[in-house]
Amino acid sequence: MSAAATKIIQPLPLNSTTTNRSPHKALFNPLKATPISSFPASTRKLRLTKPNSPHARRRSTSIFAVSDVVQEKKPTSNTFFPNLLITKEEGLELYEDMILGRSFEDMCAQMYYRGKMFGFVHLYNGQEAVSAGFIKLLKNEDCVVSTYRDHVHALSKGVPARAVMSELFGKTTGCCRGQGGSMHMFSKEHNVLGGFAFIGEGIPVATGAAFTSKYRREVLKEGDCDHVTLAFFGDGTCNNGQFFECLNMAALWKLPIVFVVENNLWAIGMSHLRATSDPEIWKKGPAFGIPGVHVDGMDVLKVREVAKEAITRARRGEGPTLVECETYRFRGHSLADPDELRDASEKAHYAARDPITALKKYMVENNLASEAELKVIEKKIDEVVEEAVEFADSSPLPGRSQLLENVFADPRGFGIGPDGKYRCEDPKFTEGTAHV
Amino acid sequence: MLGIVRRRIARGGVNASIVEQSLQKIRNQSLIYASRSYSSASKEMTVRDALNSALDEEMSADPKVFVMGEEVGEYQGAYKITKGLLDKYGPERVVDTPITEAGFAGIGVGAAYHGLRPVVEFMTFNFSMQAIDHIINSAAKSNYMSAGQISVPIVFRGPNGAAAGVGAQHSQCYAAWFGACPGLKVLAPYSSEDARGLLKAAIRDPDPVVFLENELLYGESFPVSAEVLDSSFCLPIGKAKIEREGKDVTITAFSKMVGYALKAAEILAKEGISAEVINLRSIRPLDRSTINASVRKTNRLVTVEEGFPQHGVGAEICASVVEESFEYLDAPVERIAGADVPMPYAANLERMAVPQIEDIVRAAKRACYRSVPLAATA
C-alpha cells in the first residue's frame, strides 16, 4: 500500500509542468481497455465494472486523467487556433475568475489577521481551477451547493465581491445580512444554496435541488427546465454515509447533478490516504452505476473539458456524474490551522502547478492574450477587491432588531403573545432581549 | 365548543404562481367562520383517515406538494397513512425511498429550498435521529442563515412516542428535542380534527414543521363536524385548545396524553375536582398565553407528557408559568412524564414507564391538597 501511496502524491509522469498544452500532444497514457474511468462521451454507453476488472492491478500505477476526451476534442470555433481548447474570451473570463478568487482569499487572510474577520474562515487558494472550470459553464438558474470553503464558489457564480466581503465582516450589507458568515454563503438570486459547515450536509441538499429540476420537468410540466446542480465537497466527505446515500439515489432517479470532489488530499490534518480504504474516489461512482472521472484539478482547461461533458450529460437527462479533481490548498485548512503536518516538498510540488500561472502561460504561449492584457485584468481585480473591503468597512453592523428576524418565513411562528395576538404584530417585538 | 379559527395564509413576498392564485381564490370562496355552531357532530373519522384525507386534499390542490419516505408508495404507507395516494398521484409525487433517512431528508430540504413542498415521512421519529442534521441544520436554520432568502416549506411527519411493546429504540418522544430549536414549528395533534387541521396548516406553512403523530391514535375515531371535513379547513399554528373547561386545576397535555387527561378529568369530576384540560396542539411555538390564562384562573397546574422528564415539555411549561404567573400559583407545579429510563419491553414494566390515568388523577389531587384542603364544592 505504501508503494501506491507515494505514487499517488508524486507528480504525474509527464511533462505537464513544462511545455504547452496543445491537445494534439498525448498528455497521458491513454487508458487501455478502461470502460469505467473513461468518460462516456455522447456516443459511448455506460458500461458497468466487472469484479475482476483490470482496475485491481491499476492501484500500483499513478493516477491518470481521462485523456480520451481531450484527444477526441473536435476543433473549436476559434478559426485562428483550431487546436486550442478555449477562445480568447473564455480564457480571459477564466483568468479573471481565478485571479478574483485568489486575490479575494488573500485579502481575507489579511483582514482576518487584522481582526476585521473572525470565527472560522477557510480559504480556497490553489483550488481556483475547479471553481472556475465548473461554475463558469453554468447558467444563472443552475445551482451550486458547497461546503464551508465556499467564498470562491459564490464569487464564481456571480455573487458580488463586496457582498461576500461584507458578509465576512458581519455587516448588514452582506449577502446574508451578516447572519450567515464565512461558512454559510447563500444567494437566492445567483442560486448559491450554501455554504454548509457539516461535511456531507450539502450533498443531499444538492441532490434535492436536482430532484426539483426533474420534478419541475416531469410533474409540473415545465418542459424546458433543465437546470443542473453542482455539489462541491472534499475528499474527507467521500467517507461519509450521506455521500453514498446520495450517489445511490441520484443514480436511481437519474438526477441532473454533478458530484465534484475537490480532493486536496487533506482533511484538516488527516491525510486522505490514512482515512480511506480505497483512495481513488472516482471509482466509487461505478459502484452505483455512475461514471467516475478523475481529472487534474490544477489545470483549469482539463477541468473545463470534463465539466462540459458532465454538465451536458446531466442537462440531457442522462443522470449524475462523479468527478474527482486532484487539487491542493496552498494554505491551511482554516486560518486557525498551523498546517504543520503537510510536507514542505508536497507543498512545493503543488505550488509549482499553480493553476493561475499555468493558465497565464498557456494563454501567452498560444498568443491568446498578451502579458499586458493579463496585467490589466489583475489590476482591475485588485481594485475590485480593495473596493469590496472599503465597502465592507464602511457598512453598518446589523441593528438590534435584526436578531429576531428571519427565524421563520412566516413570523407568526413566534406564537401568540399574552394579549392574544400574534407576537410578531407587537411593535415592540424586536426591541428587547429575546423573550420569545 | 368549536374554537376553530380560519388561518390566513401568509403569502409573504413570494410570487404566486397561477396555481397558487387559483388556490387562493378557492380558499377565499370557501371561508367559513367559527361563529356558527353546529348542532351535532354527525360523522366519525379515524385519525388515520383524517391524515390521509388532509394529504390527499393538499396534494390535489397544489402540484408542488409531494410525499417522500420509506414504504409510502406501493406498501401504502407503513401505517397506511398514505394509502391510495400512489394510485392517485403517481410515483413521481409519492416517492418510495431507499432506507436513507439522512439522504432523503436532505433531498427534501434541497427540494424545499427550490420551492417544492415536500412532506417527508419518517417511519417513526426515532429514525429522524439519522436525519437530525438536516432537520436542524439545513432546514430549521436556513431561513435565518440566509437572512430570509431561502425558506424551507417542508413537513417532517411520522409517529412519535411509545407504541405498544416496541422496545427502547422505537419508543422515544421527540417533542422536547425538536421543541428546543428555533426555526422549527413543532405540532402534536390529538384528535382527527387536530390531525386534519394541523397537517393542512403545516403543509401550507412556509417554514419547516415537525409533525408528531402517535401510532396508537391512528386507529381511534373522533367525531368531526362538517366544517372539519371542508377542504380548506386549517387550524392556527401556535394556539392551544381547551378541551374541557374547569376551575380547580389545569392539566396540560399533548398527543395521546390528552385522551388520558380527559379521562382523568372525568374521574376527578366525580370527586369534586373540576379540571381544565388543555390540548397543547403546538409544542413550538408554545401557547404560553392560553396556559397562563388558565393557570391564573385555576391556580394549580399539572403538566402531562409521555417523554423523558428532564428538559421536557413540562419543564418548559413550568418555567413559563413560574415566570409569568407566579403569584397566582397556589401549589407547586406537578410534572408527569415518562419514567427516566429507556422504554422497557415487558408489558407491565412498560405500563409503569408511561404515565397512566391514575398518575394524572393522583397528581391533580396532590396539587389540590397541597395548600388549604379543598372544600368539596356543592
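As the structure is a computational prediction, the values presented were derived from the model and not from experiment.

Looking only at helices and strands, one finds 14 helices and nine strands in chain A. Counting the 436 residues in chain A, one finds 59% classified as buried. Restricting to contacts in chain A with at least 6 residues of sequence separation, those with at least 24 account for 74%. Per element, the accessible surface of chain A, about 17,800 Å² overall, is 55% carbon and sulfur.

Another aspect to go through is the UniProt feature "domain: Dehydrogenase E1 component" (unreviewed entry) in chain A. UniProt annotation of "domain: Dehydrogenase E1 component" (unreviewed entry) refers to residues 97-398 of chain A when read in the numbering used here. Note that residues 97-398 of chain A is 44% helix and 12% strand, and that its end C-alpha atoms are spaced 30 Å apart.

It is worth spelling out the nonpolar core at this point. Of all hydrophobic cores here, the largest spans 126 residues; its most connected members are Phe259 of chain A together with Phe156 of chain B. The element contributing the most residues to this core is helix H4 (residues 88-113) of chain A, with 11 residues. For Phe259 of chain A, the residues in contact, after removing those within four places along its chain, are Ile203, Thr207, Ala231, Phe233, Cys246, Leu247, Ala250, Ile290, Pro320, Thr321, Leu322 and Val323 of chain A. Listed in part, the 63 residues of the second largest apolar core include Tyr190, Ile237, Ile273 and Val354 of chain B.

Right, let's talk about the UniProt feature "domain: Transketolase-like pyrimidine-binding" (unreviewed entry) in chain B for a bit. Per the UniProt entry, the sites bearing "domain: Transketolase-like pyrimidine-binding" (unreviewed entry) are residues 45-220 of chain B in this numbering. Annotation note: span residues 45-220 of chain B, helix share 36%, strand share 16%, distance between end C-alpha atoms 8 Å.

The subject of this paragraph is the interface of chain A and chain B. Contacts between the two partners involve 54 residues from chain A and, on the opposite side, 57 residues from chain B. For the pair chain A and chain B, the summed buried area comes to about 4,300 Å², and 63% of that belongs to carbon and sulfur atoms. Summed over the shared surface of chain A and chain B, the number is one salt bridge. Among the salt bridges present, the one from Lys185 of chain B reaches Asp410 of chain A, with a minimum N-O distance of 3.7 Å. On the surface where chain A and chain B come into contact, there are 19 residue pairs in polar contact (both at pLDDT 80 or more). If you list the elements that add at least two residues to the side of chain A that touches chain B, you get strand E2 (186-187), strand E3 (192-193), helix H8 (202-218) and helix H9 (241-253) of chain A. Looking at which element gives the most residues to the side of chain A that touches chain B, the answer is H8 of chain A, with 10 residues. Of the residues belonging to the side of chain A that touches chain B, the class tally is 28 nonpolar, 15 polar and 11 charged.

All right, on to the pairing of strand E10 (residues 249-253) of chain B then. Residues and elements named next belong to chain B. With five of its five residues buried, E10 lies for the most part within the structure. Neither face of E10 is open: one carries Val249, Ile251 and Ala253, the other Thr250 and Thr252, and all of them are buried. As a crossover connection, the stretch from E10 through helix H10 (residues 256-270) into strand E11 (residues 275-279) is right-handed. Where E10 and strand E13 (residues 301-304) come together, three bridges link them in parallel fashion. Directly across from Thr252, in E13, lies its bridge partner Thr303.

Our focus in this paragraph is the packing of aromatic side chains. Evaluated as defined, the whole model comprises 21 aromatic pairs over all chains. Between Tyr190 of chain B and Phe222 of chain B the ring centres are 5.1 Å apart and the planes differ by 75 degrees, which places this aromatic pair in the edge-to-face class. Taken together, the residues Tyr190 of chain B in the loop between strand E6 (185-187) and helix H8 (192-204) and Phe222 of chain B in strand E8 (residues 221-224) connect sequence positions 32 residues apart. Like Tyr190 of chain B, the residue Phe222 of chain B is buried in the burial classification. Geometry around Phe391 of chain A places Arg162 of chain A over its ring, the cationic atom sitting 4.0 Å from the centre. Sitting over the face of the ring of Tyr75 of chain B, Lys80 of chain B holds its NZ or CZ atom 4.2 Å from the ring centroid.

Attention now goes to the sheet that holds strand E3 (residues 94-96) of chain B. The pairing of strands in a sheet happens through backbone hydrogen bonds and is either parallel or antiparallel. All names here are of chain B. With mixed pairing, the seven strands of this open sheet are ordered in space as E3-E2-E4-E5-E7-E6-E12. Bordering the open sheet on either side are E3 and strand E12 (282-284), each of which pairs with just one other strand. The mean angle between the axes of side-by-side strands here comes to 20 degrees, regardless of whether they run parallel or antiparallel. Packed on one face of the sheet, H8 meets strand E2 (65-69), strand E4 (117-121), strand E5 (155-159), E6 and strand E7 (209-213) and runs near 160 degrees to E7.

Before going further, it helps to examine the packing of H8 of chain A against H9 of chain A. Residues and elements named next belong to chain A. Close contact between H8 and H9 brings their axes to 9 Å; oriented N to C, the two are set at 15 degrees. By the angle class used here, H8 and H9 are roughly parallel. Seen along the crossing, H8 lies across H9 with a hand that is left-handed. Here Ile203, Pro204, Thr207, Phe211 and Lys214 of H8 lie close against H9, whose contacting residues are Gln242, Phe243, Cys246, Ala250 and Trp253.

Okay, the sheet that holds strand E14 (residues 334-336) of chain B next. All names here are of chain B. Taken in spatial order, the five strands make up an open sheet running E9-E11-E10-E13-E14, and their pairing is mixed. One side of each edge strand has no neighbouring strand; the edge strands of this open sheet are strand E9 (241-244) and E14. Strand-to-strand twist in this sheet, taken as the mean axis angle between neighbours without regard to direction, amounts to 25 degrees. Relative to E14, E13 runs parallel, the two being bridged by three bridges. Within E14, the residue paired with Val302 across the bridge is Glu334. Those strands touched by helix H14 (residues 357-369) are E10, E13 and E14, and its axis lies near 170 degrees from that of E14.

For the structure on display, the rule yields 48 salt bridges over all chains. Taking the shortest distance from any N to any O, the salt bridge between Asp393 of chain A and Lys116 of chain A comes out at 3.2 Å. Of this pair, Asp393 of chain A sits in helix H14 (residues 371-394) while Lys116 of chain A sits in the loop between H4 and helix H5 (128-135); the two residues are 277 residues apart in sequence, bridging distant segments of the chain. Ionic pairing is found between Glu276 of chain B and Lys297 of chain B, a salt bridge with its closest N-O pair at 2.6 Å. With Glu276 of chain B in strand E11 and Lys297 of chain B in helix H11 (residues 288-298), the pair connects residues that are 21 residues apart, well separated along the chain.

Rules and cut-offs
- Residues numbered from 1 in each chain as written.
- Chains lettered and ligands numbered in written order.
- Predicted model: local features only at pLDDT ≥ 70, side-chain atom pairs only at ≥ 80, totals over all residues.
- Heavy atoms only, no water.
- Helix = DSSP H or I, 4+ residues; strand = E, 2+ residues; numbered from the N terminus.
- Buried < 20%, exposed > 50% of the residue type's maximum accessible area, 1.4 Å probe, protein only.
- Contact = heavy atoms within 4.5 Å.
- Areas by Shrake-Rupley, 256 points an atom, 1.4 Å probe, with all protein chains shown as cover.
- UniProt positions renumbered as here; feature names shortened; annotations may be inferred.
- Core = buried A, V, L, I, M, F, W, Y, C linked by side-chain atoms within 4.5 Å.
- Buried area = accessible area lost by both parts, 1.4 Å probe.
- Salt bridge = Lys/Arg side-chain N within 4 Å of Asp/Glu carboxyl O.
- Polar contact = N/O pair within 3.5 Å; in protein donor to acceptor, adjacent residues only side chain to side chain.
- Nonpolar A, V, L, I, M, F, W, Y, C, P; charged D, E, K, R; others polar.
- Right-handed = clockwise from strand over helix to strand, strands pointing away.
- Pairing = 2+ DSSP bridges.
- Phe/Tyr/Trp six-rings, centres within 6.5 Å; stacked < 30°, edge-to-face > 60°.
- Lys NZ or Arg CZ within 6 Å of the ring centre and 35° of its normal.
- Axes fitted to C-alpha atoms, helices over the stretch in contact; angles between N-to-C directions.
- Parallel < 35°, antiparallel > 145°, perpendicular 65-115°, else oblique.
- Left-handed = near helix turned anticlockwise from the far one by under 90°.

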